[in-house]
Amino acid sequence: MPLSPPGLRRLGLGLLLALTALAAPARAAHGADAATEPLARFELSDGGAALEALLRQVLETARQSDRIDPEDDERQLRRLRAATTEVLATEGYFQPRVTVLAGGDGGSRYLLRVAPGPRASVTRVELEFRGALTAQPERVTALRRGWELPAGQPFRDPQWTTAKSRLLARVQERDFPAAALVETEATVDIESSTVVLRVLLDSGPAFTLGELQVEGLVRYDRTLVERFNDLRPGESYDATRLLDFQRRLQSGPYFAGVVVDVAIDPAQPLRVPVRVELREAPARRLSFGVGASTNVGPRVEVTYRQVGLIGYPYTLQTGAGIDPTRQIGFADVLLPPKPNGARDSVGVLAEQTDIENLLTRRYAAGVARERRWTGASQSDFDTRLSLSLQRETARLPGEPDSRNDTLTLAYQWTRRTVDSITEPRRGGVLGLRVAAGLGRAGIDDLLDKSFVHLYGRYVRYLPLSARDQVIVRAELGHVIADDLDFVPLEYRFRAGGAGSVRGYPYQRLGVLRGSAIDGARSLAVGSAEYLRWIDAHWGGALFADVGDAVNDLRQADWARGYGLGVRYRTVAGPLALDLAYGERDRKWRVHFSIAISF
């Protein structure tokens, strides 16, 4: 509510007379050019940078207001003084003293010397609650404790407004969407520079949720919406739960627009229907992508998505990609998600790789269940459980082809606590993977052709200042198997290149077999990088990496790489161009990657 304590806008008659007296000699001294000078400038005796910024805004607003006769200085100064006292009041200064002087040589016709006076403080806060909320004393106590402008704090009108809005929002978000502020009052005592705050909030009745009312379905059946829904008729109103339901619907490929809401009518608070307004997304989408990196060279990919198969809300995703080291084609059928966010899929793929003279061909089919959710402390979690059957053929120069038929059960778990997915400044990412595989074998050699794969990766982002950051990374992996020849290459380890140990070619670090690099039993990699941003787009980095992929880490000849790089911010995240020296090879190498989708 507007603040207008007695005497806030009073200015003595002597000030107005003084303005009139000052105007004539000022204009006479400056002649015809006086009207072209700025009208006034401020000189603040106290209050700091915050008040200086507010007074600059007052002057800027005065310059942009309706034009007034430049000879009418008195009228302009009157409006400027009124604006000054009002803006000071919003910061708790209710007894300002404004003295008007001739501008002199300061570049303006007048100088307004401002003494803001004492700042008012909040001495008492009276929070009163009515309605069904009073039956929840613990919640009322928590609301009182969470009030954001308590006694003892300086009074600021923006903070007063924010405190009222957030108090109302905290009540409305759960049980009481019809809550309203009945009375709000800030009583100012000018003489003692104190403020008493009073808020009366009526929560209204407690609301409960009813059945879904779904609108906008054309191609899909209502049962599809129900698969996303974990709300139950009769449960208490919770705005966060409604928003989560809306986000789940939006995260899938089925709908381009989603609104989930309830009608707020205090006369009908029980089993309020949940309205779901939908706009279906296009059923088909074709996309292309191109990219290049020092790891794999140029690459091209194409993907096709179709939502709805043979009358069911299944999603077909298929595509192909090609680069000098890898060619892949895949097709997946995704089922609609479950209410807890889990999503099942079945798929097939064919892949060929040629990396460091090791040629592999792989054909696989499998099923998977994926889930993503947000836990405590705003941590994001991803899990994937998969079962796959694959045939892999490997060819080493000078050796006969080897073939593995493997059934593998794998589980991946990822936790993200970063402040941004594309450009994290603080937080960490922890990823773990465990897999158990069984090769085609008889009962007698069953254990000889089985394996267990273990892998972990952790990245930590540490901000040092607004421009400086340290990034540390660690990877560890190990395969438990009697004979590595029966372990598919994707469950063995190689290292080197961007994102691994810089200064070495992509996946050059591994087990040397003739002229080829094969996958190893164990992996250990560590990295530290210092990053400094020069401006909004460009930055520089210094880094050091160390690691190796070997069959026995106790005999590792650690590969070290270090160097410097350039970073450039994009919407998808920073692009990195690194120049790294590989100590083992005694060579400098450039690492770079870029990708464009359309």
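First, a word on what this report is: a plain description of the structure on this page.

Conventions we followed
Residues numbered from 1 in each chain as written. Predicted model: local features only at pLDDT ≥ 70, side-chain atom pairs only at ≥ 80, totals over all residues. Heavy atoms only, no water. Pairing = 2+ DSSP bridges. Helix = DSSP H or I, 4+ residues; strand = E, 2+ residues; numbered from the N terminus. Axes fitted to C-alpha atoms, helices over the stretch in contact; angles between N-to-C directions. Contact = heavy atoms within 4.5 Å. Buried < 20%, exposed > 50% of the residue type's maximum accessible area, 1.4 Å probe, protein only. Expected span 1.5 Å × (residues − 1). Core = buried A, V, L, I, M, F, W, Y, C linked by side-chain atoms within 4.5 Å. Salt bridge = Lys/Arg side-chain N within 4 Å of Asp/Glu carboxyl O.

### Concerning the sheet that holds strand S9 (residues 272-280)
Whether parallel or antiparallel, the strands of a sheet pair through hydrogen bonds between backbone atoms.
Here is step 1: The strand order across the open sheet built from 3 strands is S7-S9-S8, with neighbouring strands paired in mixed fashion. Of all strands in the sheet, those with a lone pairing partner are strand S7 (209-215) and strand S8 (255-262), marking the two edges. Across the sheet, the mean angle separating the axes of adjacent strands is 20° when strand polarity is ignored.
Here is step 2: Summarising the sheet, S7 and S9 pair through 5 bridges and their orientation is parallel. Directly across from Val-214, in S9, lies its bridge partner Val-276.

### Quick notes on the side chain of Ser-293
Here is step 1: Mapped onto the elements of the fold, Ser-293 is located in strand S10 (residues 284-293).
Here is step 2: Sequence-distant contacts of Ser-293, defined by excluding residues within four places in its chain, comprise Arg-299, Phe-592 and Ser-593.

### Let's talk about unusual backbone geometry
Negative phi is the rule for most residues except glycine; trans is the rule for most peptide bonds.
Here is step 1: Here Glu-356, not a glycine, exhibits a phi torsion of approximately 50°, which is positive.
Here is step 2: Secondary-structure assignment places Glu-356 in the loop between strand S14 (343-355) and strand S15 (358-374).
Here is step 3: Positive phi, close to 55°, is recorded for Gln-507, a residue that is not glycine.
Here is step 4: Given the relative accessible area of 18%, Gln-507 is considered buried.

### Here's the deal with helix H3 (residues 73-90)
Here is step 1: When the terminal C-alpha atoms of H3 are compared, their 26 Å separation across 18 residues agrees well with the 26 Å that a helix rising 1.5 Å per residue should span.
Here is step 2: Among the residues making up H3, those that are buried are Asp-73, Gln-76, Leu-77, Leu-80, Arg-81, Thr-84, Thr-85, Val-87, Leu-88 and Ala-89.

### What to know about the nonpolar core
Here is step 1: Within the largest apolar cluster, 26 residues are counted, with the highest numbers of intra-cluster contacts made by Trp-147, Phe-155 and Leu-197.
Here is step 2: When contributions to this core are tallied by element, the ones reaching two or more residues are strand S4 (121-130), helix H4 (137-145), helix H5 (157-172), strand S5 (180-189) and strand S6 (194-202).
Here is step 3: When neighbours within four sequence positions are excluded, Trp-147 is seen to be in contact with Val-125, Leu-127, Trp-160, Ala-163, Lys-164, Leu-167, Arg-170, Leu-197 and Val-199.
Here is step 4: In terms of nonpolar packing, the next biggest core, distinct from the first, is built from 23 residues, Phe-228, Leu-242, Tyr-254 and Val-274 among them.

### Let's talk about the pattern of salt bridges
Here is step 1: Taken as a whole, this structure holds 42 salt bridges when the rule is applied.
Here is step 2: Its salt-bridge partner being Arg-567, residue Glu-529 comes within 3.1 Å of it at the nearest N-O pair. One end of the pair, Glu-529, is in strand S23 (residues 522-533); the other, Arg-567, is in strand S25 (residues 559-568), and 38 residues separate them in sequence. As far as the burial class goes, Glu-529 and Arg-567 line up, both buried.
Here is step 3: The partner of Arg-584 in a salt bridge is Asp-557, with the nearest N and O atoms 3.9 Å apart. Of this pair, Arg-584 sits in the loop between strand S26 (575-582) and strand S27 (587-597) while Asp-557 sits in the loop between strand S24 (538-550) and S25, and the two are 27 residues apart along the sequence.
Here is step 4: Judged by relative accessible area, which is 36%, Arg-584 ranks as partly exposed.
Here is step 5: We classify Asp-557 as exposed; its relative accessible area is 51%.

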